[in-house]
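Given next are the chains, with one letter for each unit.
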Amino acid sequence: MMRADALHRLADVAAVLVEETDLAGALVRIVAEATAAAGADAGGLLVLNSADELELLSATSHRAADLEAWQVGAGFGPCVACMEEVSTVSATAVEAAEAWPEFAEQMTTAGYRHVLATPLRWQGAALGGLNLFWHEELSTDAETSLTVAQAFADALTLGVLAVRPVSVQEARTRLDDALRGRVVIERAKGVLAHEHQLSMEAAFERLLEISEERAEP
């Protein structure tokens with residue numbers, strides 16, 4: 001059920017990204033959709049500004065906003081950790097108490113028992129972090145919630161990069177760039193097929209393998 005709901009909400013987010021030109025409004029809406037899709041009770045979004053300072057951009061409740069603001073002031077917590085590590089951080093209240101005792105105290109006082117923080121990833125760095133909070137500990141749906149959270153965090157990243165006034169003509173110009181890239185790919189595929197006596201299908205698969213090998217750190 002969660003996956004079906006998440007799919008519908010991602011579709012709504014996609015519709016926002018192709019229509020919306022108000023970045024702040026789009027991000028606020030995506031945070032709300034992410035919170036609902038993951039089955040969380042509250043959510044918040046911290047971002048890094050151009051001065052590399054952490055700021056609260058959005059929260060779905062006053063309690064979540066307070067927890068996010070607390071992390072901004074303290075300089076540590078799950079959302080800060082997820083951005084530093086550029087990876088998802090998931091913790092129960094007990095686990096949070098071991099890593100960030102003061103934050104865990106604030107979290108339990110606010111009535112939350114589980115926190116999930118996911119980075120807004122871009123080119124190996126984090127632009128911000130999406131924080132989700134639950135009144136109860138996650139159990140059977142933990143993996144699904146993590147996947148959903150990351151999908152929406154990526155949508156938030158795309159929102160930051162894409163939500164701005166772009167003319168249809170500029171969009172078509174970008175597609176021209178993509179088409180030129182496709183021509184390069186077709187040529188490379190032909191070279192591989194010729195030099196290694198491969199079928200075009202096998203050459204394409206080999207090209208994908210080479211691309212993946214070069215992308216690996």
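Note that the structure is predicted; figures quoted are calculated from it, not measured.

Here we look at the confidence of the model for the protein
Here is step 1 of the chain: Looking at the protein as a whole, its pLDDT mean stands at 85, while 90% of the residues score no less than 70.
Here is step 2 of the chain: Of all secondary-structure elements in the protein, the lowest mean pLDDT belongs to helix α1 (residues 2-19), at 70, while helix α6 (residues 101-109) reaches the highest, 96.

Details of a nonpolar patch on the surface
Here is step 1 of the chain: A surface patch of nonpolar side chains, about 390 Å² in accessible area, is lined by Leu23, Trp122, Leu158, Val160 and Leu161.
Here is step 2 of the chain: Here the nonpolar patch gets three residues from one element, more than from any other, and that element is helix α7 (residues 142-162).
Here is step 3 of the chain: A relative accessible area of 46% means that Leu158 is categorised as partly exposed.

A short note on a negative patch on the surface
Here is step 1 of the chain: The grouping of Asp41, Glu95, Glu98, Glu136 and Glu137 at the surface amounts to a negative patch.
Here is step 2 of the chain: In this structure, Glu136 sits in the loop between β5 (125-134) and α7.

Brief notes about the pattern of salt bridges
A side chain with one charge can pair with a side chain of the opposite charge if their charged atoms come near.
Here is step 1 of the chain: Applying the stated criterion to the full structure yields three salt bridges.
Here is step 2 of the chain: A salt bridge links Lys189 to Glu186, with the shortest nitrogen-to-oxygen separation between them at 3.3 Å. With Lys189 and Glu186 both in helix α8 (residues 168-196) and three residues apart, this pair spans about one turn of that helix.
Here is step 3 of the chain: A residue is classified by how much of its surface remains accessible, and Lys189, at 12% relative accessible area, is buried.
Here is step 4 of the chain: Glu186 gets classed as partly exposed once you look at its relative accessible area, which sits at 32%.
Here is step 5 of the chain: Two residues, Arg206 and Glu209, come together in a salt bridge whose shortest N-O distance is 3.1 Å. In this pair, Arg206 and Glu209 are both assigned in helix α9 (residues 200-215), three residues apart and thus about one turn of the helix distant.
Here is step 6 of the chain: A relative accessible area of 40% means that Glu209 is categorised as partly exposed.

Observations regarding the side chain of Ser58
Here is step 1 of the chain: Relative to the assigned elements, Ser58 resides in strand β2 (residues 54-59).
Here is step 2 of the chain: Residues within four places of Ser58 in sequence aside, it is in contact with Val28, Val31, Gly44 and Leu45.

Topic: helix α2 (residues 23-37)
Here is step 1 of the chain: Between its terminal C-alpha atoms α2 stretches 21 Å, which fits the 21 Å expected from 15 residues at 1.5 Å a residue.
Here is step 2 of the chain: Along α2, the positions that sit buried rather than exposed are Ala26, Leu27, Ile30, Val31, Glu33, Ala34, Thr35 and Ala37.
Here is step 3 of the chain: Within two residues after α2, Gly39 carries a phi angle of roughly 75°, on the positive side.

Criteria and cut-off values
Residues numbered from 1 in each chain as written. Predicted model: local features only at pLDDT ≥ 70, side-chain atom pairs only at ≥ 80, totals over all residues. Heavy atoms only, no water. pLDDT = per-residue confidence, 0-100. Helix = DSSP H or I, 4+ residues; strand = E, 2+ residues; numbered from the N terminus. Patch = residues over 30% accessible without salt bridge, like charges linked within 9 Å, V, L, I, M, F, W, Y side chains within 5 Å. Areas by Shrake-Rupley, 256 points an atom, 1.4 Å probe, with all protein chains shown as cover. Salt bridge = Lys/Arg side-chain N within 4 Å of Asp/Glu carboxyl O. Buried < 20%, exposed > 50% of the residue type's maximum accessible area, 1.4 Å probe, protein only. Lys, Arg positive; Asp, Glu negative; His and termini not counted. Charge placed at Lys NZ, Arg CZ, Asp CG, Glu CD. Contact = heavy atoms within 4.5 Å. Expected span 1.5 Å × (residues − 1).

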